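This is what each chain is made of:
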Amino acid sequence: HSSHLQVDSARKHGILLEAVQVLTDLNLSIKKAYVSADGRWFMDVFHVTDLNGNKLTDESVINYIEQNFPPSSLALQSLGSVHYGQPNDFSGSTALELTGTDRIGLLSEVFAVLSDLQCSVADAKVWTHNGRIASLIHVKDSNSGARIEDVQLISVIEARLRNVLKGDNDIRSAKTSVSMAVTHTERRLHQMMFADRDYERKPILESVPTNSPALVTVQNWVERGYSVVNVQAKDRTKLLFDVVCTLTDMGYIVFHATVNTIGDRGYLEFYIRHQDGTPISSEAERQRVILCLEAAVKRRASEGVRLELSTSDRQGLLADVTRTFRENGLNVTRAEVSTMKETAQNVFYVTDVMGKPADGKIIESVREKIGLSYLRVKELPSLVYHKEGGERDEQAVGMAGTVLLSLGSMVRKNLYNLGLIRSYS
């Protein structure tokens, strides 16, 4: 049911992240993967489907993968038409990075400031986690449609946004900056939240407990000099990206990895070392890796009702919509904003002020105010799972609530094939 992609290339730091990034930018679902970087060579195999659980058939997607994968020999097998997200080009816009303490209505204040300063939002992503907010917003001059070059205007924008982010009591400094670096947006959001140490904080709101939080274990395999990281979480698109992104930006190198999906659970196992070749060396570091990976999974585990807004774009649209949310006691936990050819395509995840599921009547009343035909309630498309016989014994991680260091099954077989161990029986 899936397409197989195999990549062979010379090994370098970050190459796994590059490969995973290409696939996640296309909204592809990675059902299984097997990665091995032995000596100077790197090989990985991905089993991917589209969001409906089908093989890839779209020529443009296949071409995009071939052009954007890390320089390598790439073999695509059984690429068996759907719409895939293509990464956007932000070259004509100014990127603003914001981090601070999250609070109800903060987003509406941010968008109101931008609207007031004649900035139109071309694209924005907003994440919240443990009472912190991180946002990357690409803006243009509303009048000319060009990127904002005026240094004075930029410093005014930064100062006003910093005031909004500070609120009344943000003892920890709120940060706003204009980003010149062209970093992948979602990787940058992970970096911003990591730098803000969101993983050490306690949530301010009692949010809805996600039915299955990430379960992360880290153990050292002393004989081989690896640290073995297991992550077990509800499967979703971009799960592998979020974990690999965090491991890479924390300075670890992934030598071997297996990814498996059983039912709606994702099982990820990584064999990692520091860049100097040593495994994790202290209990404090081990705990930090666990906290950081749990945070990486939770930042995108969308809480709340998913609302999709599709309407013709106009000055102040986002400010108006988010103000309506705030006035009706809806809190935005995550947002994705994009403008394509004068049309605003926006997604908001909302809860009530206590972080609990929003009342259906309030959602309907908000929809009426904004426009029933423009603002729709969308259930998350649940990923499609095909039951395949014989997969249970290939599971890389124990299912009984605890993760087992399984050097069993699939992983042992992989290591045996690589000549790393003598037998896998």
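First, a word on what this report is: a plain description of the structure on this page. (Residues numbered from 1 in each chain as written. Predicted model: local features only at pLDDT ≥ 70, side-chain atom pairs only at ≥ 80, totals over all residues. Heavy atoms only, no water.)

Another aspect to go through is the packing of aromatic side chains. Under the definition given, this model contains six aromatic pairs. Between tyrosine 226 and phenylalanine 255, the aromatic rings sit 5.9 Å apart at their centres with planes inclined by 55°, giving tilted as the arrangement. One end of the pair, tyrosine 226, is in strand β10 (residues 226-234); the other, phenylalanine 255, is in strand β11 (residues 252-262), with 29 residues separating them in the sequence. Accessibility assignment for this pair places tyrosine 226 and phenylalanine 255 in one class, buried. Aromatic pair tyrosine 226 and tyrosine 271: ring centres 5.8 Å apart, planes at 85°, arrangement edge-to-face. Of the two residues, tyrosine 226 sits in strand β10 while tyrosine 271 sits in strand β12 (residues 265-274), which places them 45 residues apart along the sequence. Judged on exposure class, the residue tyrosine 226 and its partner tyrosine 271 are both buried. Linked through ring pairs, Trp221, Tyr226, Phe255 and Tyr271 together constitute an aromatic cluster. Looking at arginine 273, its charged tip hangs above the ring of phenylalanine 255, at a distance of 4.9 Å from the centre. (Phe/Tyr/Trp six-rings, centres within 6.5 Å; stacked < 30°, edge-to-face > 60°. Helix = DSSP H or I, 4+ residues; strand = E, 2+ residues; numbered from the N terminus. Buried < 20%, exposed > 50% of the residue type's maximum accessible area, 1.4 Å probe, protein only. Lys NZ or Arg CZ within 6 Å of the ring centre and 35° of its normal.)

Tracing the sequence through the fold places glutamate 294 in helix α7 (residues 283-298). Each C-alpha atom of the pair glutamate 294 and tyrosine 199 lies 7.9 Å from the other, and the pair is 95 residues apart in sequence. Other than its neighbours up to four places away in sequence, glutamate 294 contacts Ala214 and Val216. (Contact = heavy atoms within 4.5 Å.)

One open sheet holds the eight strands; their spatial order is β8-β5-β7-β6-β14-β15-β13-β16, and the pairing between them is antiparallel. For this open sheet the edge positions go to β8 (175-179) and β16 (375-378), each flanked by a neighbour on one side alone. Within the sheet, the average angular offset between the axes of one strand and its neighbour, ignoring direction, is 20°. The sheet contact formed by strand β14 (residues 330-340) and strand β15 (residues 343-352) spans ten bridges and is antiparallel. Across the sheet, residue serine 338 finds its bridge partner in β15, namely glutamine 345. Packed onto the sheet, helix α9 (residues 360-370) meets β13 (305-312), β14, β15 and β16 and runs at close to 150° relative to β16. (Pairing = 2+ DSSP bridges. Axes fitted to C-alpha atoms, helices over the stretch in contact; angles between N-to-C directions.)

Keep in mind that these numbers describe shape and distance, not what the molecule does.
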